[in-house]
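Survey of secondary and tertiary structure
Residues per chain, in single letters:
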Amino acid sequence: VSQNKIRNFSIIAHVDHGKSTLADRLLEFTGAISEREMEEQLLDTMDLERERGITIKAQAVRMDYESETGDDYVLNLIDTPGHVDFSYEVSRSLAACEGALLVIDASQGVEAQTLANIYLALENDLEIIPVINKIDLPSADADRVKEELIDIGLDPDEALLTSAKEGIGIEDVLEAVVNRVPAPDGNQDEPLKALIFDSVYDSYRGAISYFRVINGSIKPGMNIEMMSTGKKFEVSEVGVFAPQRKEVDEIHSGEVGYMAASIKNVKDARVGDTITDADNPTAKPLPGYQPAKPMVYCGLYPVEGEDYELLKDALDKLKLNDASLTFEPETSEALGFGYRCGFLGLLHMEIIQERLEREYDLDLVTTAPSVVYKIYKTDGEVLEIENPANMPERHHIEKIEEPIVKAEIMLPDEHVGSAMELAEEKRGKFKNMEYLDEVRVRLTYDMPLSEIVLDFFDNLKSRTKGYATLDYEFKGYQEAELVKLDILVNKDPVDALSCIVHDEFAYEIGRELAKKLKEYIPEQMFEVPIQAAIGNDVIARETVKAKRKDVLQKCYGGDVSRKKKLLKQQKEGKKRMKQVGSVEIPQEAFMAVLTIG
Ligand code: GTP
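Residues numbered from 1 in each chain as written. Predicted model: local features only at pLDDT ≥ 70, side-chain atom pairs only at ≥ 80, totals over all residues. Heavy atoms only, no water.

1. So, the overall build of the chain
The criterion, for reference: Numbering of helices and strands runs from the N terminus; a helix is a DSSP stretch of H or I covering at least four residues, while a strand is a stretch of E covering at least two. With a 1.4 Å probe rolled over the protein chains alone, any residue whose accessible area is under 20% of its type maximum counts as buried; one over 50% counts as exposed, and the rest are partly exposed. Contacts are residue-level and defined by heavy atoms, with any inter-residue pair within 4.5 Å sufficient. The Shrake-Rupley method, run with a 1.4 Å probe sphere, supplies the accessible areas, and residue values consider only the shown protein chains as cover.
Looking only at helices and strands, the chain features 14 helices and 31 strands. Looking at the chain as a whole, 54% of its 597 residues are labelled buried. Nonlocal contacts in the chain, meaning residues at least 24 apart in sequence, comprise 69% of its contacts between residues at least 6 apart. Only carbon and sulfur atoms are counted for the fraction: they give 45% of the accessible area of the chain, which is about 27200 Å².

And the structure:
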């Protein structure tokens, strides 16, 4: 097809507003996929993803469409990840498009969380087509949604009305894509310049890059160069998404496709990187490339020591597919041998943990997330510490610096008060407040990353009735009065429970933590003291009483099934316990610090 018959677009939507359903309908209408194949929602391929109802990895699909005027078009739909941890991936996916469908639930209206992506789309100069979906619902109120569109600067007359569920308005959407989204404007005769918006690992062919060609073209046999690293590869296969991968001879400017080039690791095919012709390179890479940088770290330990090698293999495999995951061996006195892993954010961390447990059948104990601290020692040495347990003793420390992020909170003005209160409690420094339109406000704070890591987002959500969105980017390091809080269980310090906290809140956190741990640590055969300490000073103490009855006695005389259930629960609970010294500590205890404050 000629370039003016190509349309590249994505769909922006709040969770549950119908993005996947609409995408399915478009595929169905254009014959890219049959109704039978539709049973499984196609765009979300990972199980985990489907269950959580969030889109994590960007995927692409190509559709052939004959318009009302009888012209043949190629439409490339690029799916975008739906969470703040992956906002960089979203921005790269959008950079590969000329237009975006903004899907809004007619009964819910524009949700604050969608705003961040709308602004990203506008920044990338995308044509935005509002699609008011679920008009079949009795509670649908398209007129109200149209007014909200005015509030965010979009033209309500351009909105389409659909019911993805009942297949209403689907053709209008395709016509709008054809008529309103501009054709790509790259130049076929210039040297190759292509943007990687995703890369996945294939056990036979290595890393497969998904890209959008801006200028030039790409075909097998070509020598290509990844511009951020200068690494060169020979292209072995190119193809399109139809919707399964389908090999083609060549991919031209304006088109979207995939490439295999015997790239062993996805870290050599990074999202946001520019691919060029090694023998005839383009002058400048595309703007905006950012190497993935882990922000949050935690320790992962197998419950059974002998699973250590298995854990290593599993992490190696996941890493092939996920350039932003990092890990290094680590030993804990309490937990034994494990790995310290780095993640983009908390959701990324949870996803990796779940995949390890499900896909690799590992039972893991994870420690509370931490950020990287810079420790300036009195002897002049500077350490970067991502595990609180490794912090030097207090008298060896000159000063400590912690990572600070620029946090942007977007929300309706009625919730500004509660958001500001929370940000200040969490050591945020107010920077700016700005009205984006009549009701929507953007608050900017400088905040310690460690506070964001500890549940800030959930807190923010609950205080603003779900309306606030959060976006943050790393800003730099700043000195802070921080101390290491140690936890002693049965008089022994448990290194995996140590955390680094602000001096001002240390006593309070120590007391709360000891209380929580008392709840989490089950009664043992003997009394177990739990203490919080800073250096040699014990600042809090709780006691877990000695056990009296066993589980079965508790329901003596009860019916059998109840007993069975209890035993089963106990067995399951046991799986996630780690024997530390003479005390069994359950998984929840290692995360207790997340549940306080
Ligand atoms: P995530 O994948 O979780 O981000 O959600 P999504 O935006 O992809 O939404 P999805 O397509 O999974 O739809 C969410 C729910 O809304 C599902 O239960 C759909 O069946 C339902 N739904 C989607 N479109 C319509 C519609 O037009 N009318 C009605 N009544 N329900 C719809």
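Additional details are given in the paragraphs that follow.
2. Some words on the sheet that holds strand 11 (residues 237-241)
Here is the rule we go by: Strands qualify as paired when DSSP identifies two bridges or more between them. In this analysis an axis means a line fitted to C-alpha atoms, helices contributing only their contacting stretch, and an angle means the value between N-to-C directions, from 0 to 180 degrees.
What the eight strands build is an open sheet, ordered 10-9-14-7-8-13-11-12; its pairing is antiparallel. The sheet is open, and its two edges are formed by strand 10 (232-234) and strand 12 (245-248), each paired on a single side. Sheet twist, expressed as the average angle between the axes of neighbouring strands with direction ignored, equals 40°. Where strand 9 (residues 223-226) and strand 14 (residues 274-277) come together, three bridges link them in antiparallel fashion.

3. Some remarks on the UniProt feature "binding site: GTP" (unreviewed entry) in the chain
Inclusion rule: UniProt positions are given in the numbering used here, feature names are shortened, and annotations may be inferred rather than shown by experiment.
Residues given the UniProt feature "binding site: GTP" (unreviewed entry) here are D16, H17, G18, K19, S20, T21, N133, K134, I135 and D136. Locating S20 in the fold gives a position in helix 1 (residues 19-29). For S20, a relative accessible area of 18% translates into the label buried. Structurally, D136 is set in the loop between strand 5 (127-133) and helix 5 (142-151). If sequence neighbours within four positions are ignored, D136 has contacts with S163 and E166.

4. What about the sheet that holds strand 6 (residues 160-161)?
Reading across the sheet, the six strands line up as 2-3-1-4-5-6 and stay open at both edges, with mixed pairing between neighbours. What marks the edges here is a single partner per strand, and that holds for strand 2 (60-66) and strand 6. Direction of pairing for strand 5 relative to strand 6: parallel, over a ladder of two bridges. Counted as the bridge partner of I132 is L161 from strand 6. The sheet strands contacting helix 6 (residues 170-180) are strand 1 (6-13), strand 2, strand 3 (72-78), strand 4 (99-105), strand 5 and strand 6, and the helix crosses strand 5 at an angle near 170°.

5. Overview of the pairing of strand 3
Most of strand 3 sits out of view: six of its seven residues are buried. Sheet topology note: the strand 1/strand 3 ladder contains five bridges and is parallel. Paired with F9 across the bridge in strand 3 is L77. For strand 2 and strand 3, the ladder comprises seven bridges, and the chain directions are antiparallel. In the sheet register, A60 faces strand 3, and the bridge partner there is I78. Where strand 2 folds back onto strand 3 in an antiparallel hairpin, the turn is made up of five residues, including G70, whose phi is positive at roughly 85°.

6. Overview of unusual backbone geometry
For D125, which is not a glycine, the phi torsion comes out positive at approximately 60°. You can see D125 is positioned in the loop between helix 4 (112-123) and strand 5. We classify D125 as exposed; its relative accessible area is 68%. One non-glycine residue, K491, lies in positive phi territory at about 75°. Among the structural elements, K491 can be located in the loop between strand 25 (482-489) and strand 26 (492-493). Classification of K491 as exposed rests on a relative accessible area of 52%.

7. Notes on the packing of aromatic side chains
Here is the rule we go by: Two aromatic rings, drawn from Phe, Tyr or Trp (for Trp, its six-membered ring), form a pair once their centres lie within 6.5 Å of each other, and the interplanar angle then sorts them: stacked below 30 degrees, edge-to-face above 60, tilted otherwise.
Counting across every chain of the model gives eight aromatic pairs. Measuring from centroid to centroid gives 5.6 Å for F327 and Y339, while their planes differ by 85°, and the two rings are edge-to-face. On the criterion of sequence distance, the pair formed by F327 in strand 16 (residues 326-332) and Y339 in strand 17 (residues 336-343) is long-range, its members being 12 residues apart. A relative accessible area of 3% places Y339 in the buried class. Between the aromatic rings of F474 and Y477, the centroid separation amounts to 5.9 Å while the plane-to-plane angle is 65°, which identifies the pairing as edge-to-face. When its relative accessible area of 34% is taken as the criterion, F474 is described as partly exposed.

8. Section: a negative patch on the surface
What counts, and what does not: Like charges within 9 Å and nonpolar side chains (Val, Leu, Ile, Met, Phe, Trp, Tyr) within 5 Å are joined into patches, using only residues over 30% in relative accessible area that form no salt bridge. When a carboxyl oxygen of Asp or Glu lies within 4 Å of a side-chain nitrogen of Lys or Arg, that pair is called a salt bridge. Counting rule for charge: Lys and Arg are taken as positive, Asp and Glu as negative, and neither His nor the chain ends is counted. Taken as the charge location is NZ of Lys, CZ of Arg, CG of Asp or CD of Glu.
A surface patch of like charges, here negative, comprises D141, D143, E147, D151 and E438. Tracing the backbone through its elements, the reader meets D141 in the loop between strand 5 and helix 5.

9. A word on the environment of T274
Where we set the bar: Polar contacts, as used here, are pairs of N or O atoms within 3.5 Å; protein pairs need one atom able to donate a hydrogen and one able to accept it. Residues neighboring in sequence count only if both atoms are side-chain atoms.
Examined against the element boundaries, T274 turns out to sit in strand 14. C-alpha of T274 to C-alpha of A60: the two residues are 214 residues apart in sequence and 18 Å apart in space. If sequence neighbours within four positions are ignored, T274 has contacts with K193, A194, E225, M226, M227, P285 and L286. A polar contact of 2.9 Å, which involves the side chain of T274, links it to the backbone nitrogen of L286.

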